[in-house]
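Reading the structure
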Amino acid sequence: MKSTNNLSHLLLIAIFPFLVSCVSGQLGQQSHSEYKNGMVVSAHPQAPQVGIDILKKGGNAVDAAVAVQFALAVVYPNAGNIGGGGFLVYRSHDGATASLDFREKAPGKASRDMYLDESGNAISDKSLYGHLAPGVPGSVDGMVKAHERFGKLPWKDVVQPAVDLARNGFTITEMQAEELNRNQADFKKYNKGKDYFIRESGFTGGEVVVQADLARTLMLIRDHGRDGFYSGEVADHIVAEMEQGGGLISKDDLAAYQAVWRKPIVGTYRDYKIITMPPPSSGGIALMQLLKSVEPYPLKRWGHNSDSTIQLIVEAERRVYADRATHLGDPDFYNVPQPQLLASDYARARMSTFRWEK
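The shown structure was predicted, so the numbers you read here are calculated from the model rather than taken from an experiment.

1. Digging into the overall build of the protein chain
In terms of regular secondary structure, the protein chain is built from 15 helices and 9 strands. Computed over C-alpha atoms, the radius of gyration of the protein chain comes to 22 Å, within 12% of the 21 Å expected from 2.2 N^0.38 for 358 residues, which places it in the range of a compact globule. In terms of its C-alpha atoms, the protein chain occupies a principal-axis envelope of roughly 60 × 60 × 40 Å. The buried share among the 358 residues of the protein chain stands at 46%. A fraction of 66% describes how many contacts in the protein chain between residues 6 or more apart in sequence connect residues 24 or more apart. When the accessible surface of the protein chain is split by element, carbon and sulfur atoms take 52% of a total near 18900 Å². Counting 39 positive and 40 negative side-chain charges, the protein chain places the centres of these two groups 5 Å from one another.

See below:
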């Protein structure tokens, strides 16, 4: 059991592990004939086809996004999974925006010092591996809420492709085979008594991998929605695994989890409108701060990766990340000074100490 806490927000600054764009007719001013009605992009070659099929079936962008999220849970779980969480940023045809926070949450029994030893020193592996690493999963509830608000096709239709991939198997890539082989020792160490993805002879690219238990879990989610994961059989298995391994996630934690709709951050950079994720994601504020910090400078004239461009962006990033470490916490527990951090005057003040010679 490896934590997914640090995976879900690293895949795209767009804050979702895949991108789906879909409109009736043309995609904006898109001139490429191959993108007439929609586009699906993800981190595994088999997952986008799921989204494309959903669009062809009459589904909208959110239907496709939900379907691809569940498909990735099967074919590329380090990019999208039902044991982690993430963020969704949405813009409708009429310009309305929304953002959904379905990030994992700390279990009720979590404590401030749970990753420290008796001397107060950090035991970093405890927050990354094993039963103390994961938070209460948010992906399933997030997909349910996104689909309830914006989806068009029936719920079962958007989950079924993932069931099929898990039950019938999918073809692993050469990279996945190498990754599975490289992590055999961790699979054995942290999943004692299990044989998932464990093979003494190793895996090879191009072979088909079947996941019958995952198919069963996805079928329960397909048939019962949120309750198929946060209660009943699946919840019983999660809690039993936590108890035998010294983890903290309880049935109360699972039952209480709720993804949260939040107001997106909307700003501008030169002539562009930016719609991005608010806290608890740090990426949205950090992105807007960075853009405001470099906006006064002629980056286009200097050119990509020129010495001036690199120095300016590195110095801006240093200031943005200092603010990130100081201010960008979970708004449910910390009053993030969002208006201050996004103000143009604040960006100018932060950059006032920038010197070319230093």
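2. A short note on the pattern of salt bridges
Scanning the model with the defined rule gives 18 salt bridges in all. Across the salt bridge formed by Glu 233 and Arg 216, the nearest N and O atoms sit 2.7 Å from each other. Taken as a pair, Glu 233 in helix 9 (residues 232–245) and Arg 216 in helix 7 (residues 212–224) lie far apart in primary sequence, 17 residues in all. For Glu 233, a relative accessible area of 34% gives the class partly exposed. According to the relative accessible area criterion, Arg 216 is partly exposed, its value standing at 40%. Measuring nitrogen to oxygen at the nearest pair gives 2.1 Å for the salt bridge that ties Arg 348 to Asp 345. Taken together, the residues span about one helical turn, with Arg 348 and Asp 345 both in helix 15 (residues 344–351) at a distance of 3 residues. Members of the salt-bridge network, linked through shared partners, are Asp 101, Arg 262 and Asp 332.

3. A look at the packing of aromatic side chains
Using the criterion set out here, one finds 11 aromatic pairs in the structure. In this arrangement the basic side chain of Arg 149 is found over the ring face of Trp 261, its NZ or CZ atom lying 4.4 Å from the centre.

4. Describing the pairing of strand 3 (residues 86–91)
Successive residues of a regular strand alternate their side chains across the two faces of the sheet. Pairing of strand 3 with strand 4 (residues 97–102) involves 6 bridges; the strand directions are antiparallel. When the sheet's bridge partners are listed, Tyr 90 is paired in strand 4 with Ala 98. Counted between consecutive antiparallel strands, the loop separating strand 3 from strand 4 contains 5 residues, among which Gly 95 sits at a positive phi close to 95 degrees.

5. What about unusual backbone geometry?
The omega torsion across Pro 279 and Pro 280 is 20 degrees, close enough to zero to call that bond cis. Counting through the fold element by element, Pro 280 comes out in the loop between strand 9 (272–276) and helix 11 (283–294). Residue Phe 197 is not a glycine yet carries a positive backbone phi of 60 degrees. Owing to a relative accessible area of 27%, Phe 197 belongs among the partly exposed residues under this scheme. Of note, Arg 270 is a non-glycine position whose phi angle comes to about 50 degrees, a positive value. Tracing the sequence through the fold places Arg 270 in the loop between strand 8 (265–269) and strand 9. By relative accessible area, which is 43% here, Arg 270 ends up partly exposed.

6. What about the sheet that holds strand 3?
Taken in spatial order, the 3 strands make up an open sheet running 3-4-7, and their pairing is antiparallel. Looking at strand neighbours, the two that pair on one side only are strand 3 and strand 7 (260–262), the edges of this open sheet. Each adjacent strand pair in this sheet contributes to an overall mean axis angle of 25 degrees, direction not counted. Of the strands in this sheet, strand 3, strand 4 and strand 7 touch helix 3 (residues 139–150), which is tilted by about 155 degrees from strand 4.

7. What about helix 9?
Given a rise of 1.5 Å per residue, 14 residues ought to cover 20 Å, and the 20 Å separating the end C-alpha atoms of helix 9 matches this to within 8%. Taken together, the buried positions of helix 9 are Val 234, Ala 235, Ile 238, Val 239, Glu 241 and Met 242. Here the buried residues of helix 9 occupy an arc of 155 degrees about the axis, which is enough to place them on one side. Residues of helix 9 that are exposed and point more than 90 degrees away from the buried face comprise His 237, Glu 243 and Gln 244. As for helix 9, its buried residues are in contact with helix 7, helix 8 (227–230) and helix 10 (251–256). Two residues or fewer after helix 9 comes Gly 246, characterised by a positive phi angle close to 80 degrees.

8. Points about the packing of helix 4 (residues 155–168) against helix 7
Helix-helix packing: each pair is described by the crossing angle between the helix axes and the interaxial distance. Relative to each other, helix 4 and helix 7 sit at 170 degrees, their axes nearing to 8 Å. Taken together, the axes of helix 4 and helix 7 lie roughly antiparallel to each other. Every residue of helix 7 that contacts helix 4 at Trp 155, Lys 156, Val 159, Gln 160, Ala 162, Val 163, Ala 166 and Arg 167 is listed here: Ala 212, Leu 214, Ala 215, Leu 218, Met 219, Ile 221, Arg 222 and Asp 223. Its residues placed into classes, the contact of helix 4 with helix 7 shows 11 nonpolar, 1 polar and 4 charged.

9. So, the confidence of the model for the protein chain
Looking at the protein chain as a whole, the pLDDT averages 90, with 91% of positions reaching at least 70. Low pLDDT (under 50) marks residues 1–30, which in the prediction has 89 contacts with non-local residues, meaning those over four places away or in another chain.

10. Some words on the nonpolar core
Of all hydrophobic cores here, the largest spans 60 residues; its most connected members are Phe 70, Val 74, Trp 155 and Leu 218. If one sorts the elements of this core by residue count, helix 2 (residues 61–75) sits on top with 11 residues. Ignoring any residue separated from it by four or fewer positions in sequence, one finds Trp 155 in contact with Val 66, Phe 70, Met 143, Val 144, His 147, Ile 221, Arg 222 and Gly 225. If you look at the next biggest cluster of nonpolar residues, it comprises 21 residues, including Leu 291, Tyr 297, Leu 299 and Val 336.

About the thresholds
Residues numbered from 1 in each chain as written. Predicted model: local features only at pLDDT ≥ 70, side-chain atom pairs only at ≥ 80, totals over all residues. Heavy atoms only, no water. Helix = DSSP H or I, 4+ residues; strand = E, 2+ residues; numbered from the N terminus. Rg over C-alpha atoms; globule rule 2.2 N^0.38 Å. Buried < 20%, exposed > 50% of the residue type's maximum accessible area, 1.4 Å probe, protein only. Contact = heavy atoms within 4.5 Å. Areas by Shrake-Rupley, 256 points an atom, 1.4 Å probe, with all protein chains shown as cover. Lys, Arg positive; Asp, Glu negative; His and termini not counted. Charge placed at Lys NZ, Arg CZ, Asp CG, Glu CD. Salt bridge = Lys/Arg side-chain N within 4 Å of Asp/Glu carboxyl O. Phe/Tyr/Trp six-rings, centres within 6.5 Å; stacked < 30°, edge-to-face > 60°. Lys NZ or Arg CZ within 6 Å of the ring centre and 35° of its normal. Pairing = 2+ DSSP bridges. Axes fitted to C-alpha atoms, helices over the stretch in contact; angles between N-to-C directions. Expected span 1.5 Å × (residues − 1). Arc of directions from axis to C-beta. Parallel < 35°, antiparallel > 145°, perpendicular 65-115°, else oblique. Nonpolar A, V, L, I, M, F, W, Y, C, P; charged D, E, K, R; others polar. pLDDT = per-residue confidence, 0-100. Core = buried A, V, L, I, M, F, W, Y, C linked by side-chain atoms within 4.5 Å.

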